Amino acid sequence: MNPAEADKRFLWHPFTQMREWCAPDHDPIVIVSGEGAVLRDDRGREYLDGNASIWTNIHGHRHPRINAAIRAQLDRIAHCSALGLTNDIAPRLAARLIGLFGTEAGHRAFFASDGSSAIEAALKMAFQARAYRGEPLRTRFISLGGAYHGDTVGAMSLGHSGAFHRPFAPLMFETTEVMSPSCYRCPFNRARPQRGADARDTRECDWECIGKLRGALDKSGETTVAFVIEPRVQGAAGMLMQPHGYLERTSALCRDRGVWIIADEILTAFGRTGAMFACSHEGVRPDLVALGKGLSGGYLPLAATLASGEIFDAFLGDYAEFKAFFHGHSYTANPLACAAALASLETFEKDKILQRLPASVADLARAAAKFWDHPHVGDVRQEGLILAIELVDDFDSRRPFTAESRLGHRVCDAAKHRGMLTRPILNTLVLMPPLCATPDQLRAMADALWDALCEVLPR
Ligand SMILES: Cc1ncc(COP(=O)(O)O)c(C=O)c1O
């Protein structure tokens, strides 16, 4: 049985209609190797990794420094428990991360293996800390419309992503949803759509999104534990991009009311938006930060929850008080994954990745400009190395294509045949290349997507 046959016989893929996947005419791509921003399949075909292997990869595949760090660690030990023990790698990584975030003394890092678990830990830490601090009324969370924070039950409860969460509604706890600050489809934005212009720049509004959050915070009084936000870009919601200044304003509102901020930087951290962390753009210091995806450079499953000293201190007490954080994972602080993460952070420093990013961001913007020429492109938005192209049935009214049209899917399928892999979010096309992609690769990714779009939806 070849790998594709074995896959179709034995694997269950996430977010996938398995009847389609297993259909006789479906021929899955079997990736066997990669280098930089290129993936190779078992037939020797090459593909540009247009979504950085589902938003994880930073410095490219088979990066020599990260490979060497993993190998060196493997020669010492792959895994040992962090219950009652520590290792010589995880504390170094914790110190680096806390240092990078520019947080004050007292901060702590808690390690997990995936983003959902990092969010789950953040919400449980915040909830438990409120109780220990004598604030038992603070039991509610506020989060954004369309939010996606992962697939564990707590993370789903913080989310408001219809299709993903609807089947589990009876399992989830209630959270307060406030409007997503996404200008292109904002009901309060009075500006007409303009070709070539980012709706965030042309918007005509009175920051009603901020007013909505203020209203929710005031209504909830002293019952809110924390406001949870994907800073600057809501990923799975459709790469919805927030007007600059939203984050700073929401942070001030929360601070004034003693509400903690949980920043879900699982998608946005590690250079993705042009800075190490999306929160840094607006000088926002969250009380809890969830990191994942790019933390290990996209090499191994690793996530972290960074907690403020204030939250950490709430758990301190005598043994018999049982105030420990009752949450943990077998692979917490896994040395192999931590070694990869340290090598990734070292690469940021040694190769001056952040300093080189503006050039790549500008290259991607230049390559993306032509999408405005397509009559069915409603919005082209970019934040760092995240590019979203929203397809619409009608430009002037912003009328979306139906989900049934599967246009996003069909365009990405056509791009695949042009040697570029990415996944749409419904009818929004997404390019999110590894940070190491060269100018030629960025252009080739955009060209493949453009040609695919023109094939599926001729101009
Ligand atoms: C913003 C955000 N939060 C959380 C998650 C969940 O992370 P994971 O898939 O590693 O569990 C994702 C995954 O896409 C994400 O984009």
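Because the structure is predicted, anything quoted here is derived from the model rather than measured.

A.B. asks: What exactly am I supposed to notice about empty space enclosed by the protein here?
C.D. replies: It is a probe the size of a water molecule, rolled over the atoms, that shows where empty space is left. All told, the structure shown has four cavities of 30 Å³ or more when counted by the stated rule. In this structure, the largest cavity encloses a volume near 90 Å³. Lining the largest cavity we find Pro 181, Ser 182, Cys 183, Cys 186, Phe 188, Asn 189, Arg 203, Cys 205, Trp 207, Glu 208, Cys 209 and Pro 243. Across the lining of the largest cavity, the residue classes tally to eight nonpolar, two polar and two charged. The space that makes up the second largest cavity amounts to roughly 70 Å³. Considering the residues around the second largest cavity, the lining is formed by 13 residues, among which Pro 193, Gln 194, Ala 197, Ala 199 and Thr 202 are closest to the centre. For the lining of the second largest cavity, the class distribution of residues is six nonpolar, four polar and three charged. Counting contributing residues per domain, the lining of the second largest cavity is built from domain 1 (3–59 + 352–456) and domain 2 (69–350), each supplying no fewer than three.

A.B. asks: What should I look at first to understand the packing of helix H14 (residues 353–368) against helix H16 (residues 439–456) in this one?
C.D. replies: The angle between the axes and the distance between the axes are what describe a pair of packed helices. Contact geometry for H14 and H16: axes closest at 9 Å, N-to-C directions at 30°. One finds that H14 runs roughly parallel with respect to H16. Pair H14 / H16 crosses with right-handed handedness. Residues Ser 360, Asp 363, Leu 364 and Ala 367 of H14 form the contact with H16, whose participating residues are Pro 439, Leu 442, Arg 443 and Ala 446. Class assignment of the residues belonging to the contact of H14 with H16 gives a composition of five nonpolar, one polar and two charged.

A.B. asks: Explain the packing of helix H10 (residues 208–220) against helix H11 (residues 246–256) to me, please; I cannot follow it from the model alone.
C.D. replies: Where H10 contacts H11, the axes come no closer than 10 Å and their chain directions differ by 20°. The angle between the axes of H10 and H11 places the two elements in the roughly parallel class. Considering the relative orientation of H10 and H11, their crossing is right-handed. Along the contact surface, H10 presents Cys 209, Ile 210, Leu 213, Arg 214 and Leu 217, while H11 presents Tyr 246, Arg 249, Thr 250, Leu 253 and Cys 254. Of the residues that constitute the contact of H10 with H11, the class distribution is seven nonpolar, one polar and two charged.

A.B. asks: How do you make sense of the nonpolar core when you look at a structure like this?
C.D. replies: As a rule of thumb, soluble globular proteins bury nonpolar side chains together. Within the largest apolar cluster, 87 residues are counted, with the highest numbers of intra-cluster contacts made by Leu 97, Phe 227 and Phe 270. It is H16 that contributes the most residues to this core, nine residues altogether. Here this core spans two domains, since at least three of its residues come from each of domain 1 (3–59 + 352–456) and domain 2 (69–350). Not counting chain neighbours up to four residues away, the residues in contact with Phe 227 comprise Ile 142, Ser 143, Leu 144, Val 178, Leu 213, Tyr 246, Thr 250, Cys 254, Val 259, Trp 260, Ile 261 and Ile 262. Counting residues in hydrophobic clusters, the runner-up holds 27 residues, among them Leu 158, Ala 314, Phe 315 and Phe 325.

A.B. asks: In this structure, what is going on with the pattern of salt bridges? I would like to understand it.
C.D. replies: It is possible for side chains bearing opposite charge to pair when their charged atoms get close. For the coordinates displayed, the defined rule picks out 32 salt bridges. Of the charged contacts in the structure, one is a salt bridge between Arg 130 and Glu 135, with a shortest N-O distance of 3.0 Å. Given the relative accessible area of 21%, Glu 135 is considered partly exposed. A salt bridge links Asp 287 to Arg 255, with the nearest nitrogen and oxygen atoms 3.1 Å apart.

What counts, and at which threshold
- Residues numbered from 1 in each chain as written.
- Predicted model: local features only at pLDDT ≥ 70, side-chain atom pairs only at ≥ 80, totals over all residues.
- Heavy atoms only, no water.
- 1 Å grid on protein atoms, 1.4 Å probe; cavity = no way out; pocket = protein on both sides within 12 Å on 5 of 7 lines; lining within 4 Å.
- Points joined across faces, edges and corners; volume = space filled by probe spheres on them.
- Nonpolar A, V, L, I, M, F, W, Y, C, P; charged D, E, K, R; others polar.
- Domains from an automatic or database assignment.
- Axes fitted to C-alpha atoms, helices over the stretch in contact; angles between N-to-C directions.
- Helix = DSSP H or I, 4+ residues; strand = E, 2+ residues; numbered from the N terminus.
- Parallel < 35°, antiparallel > 145°, perpendicular 65-115°, else oblique.
- Left-handed = near helix turned anticlockwise from the far one by under 90°.
- Contact = heavy atoms within 4.5 Å.
- Core = buried A, V, L, I, M, F, W, Y, C linked by side-chain atoms within 4.5 Å.
- Buried < 20%, exposed > 50% of the residue type's maximum accessible area, 1.4 Å probe, protein only.
- Salt bridge = Lys/Arg side-chain N within 4 Å of Asp/Glu carboxyl O.

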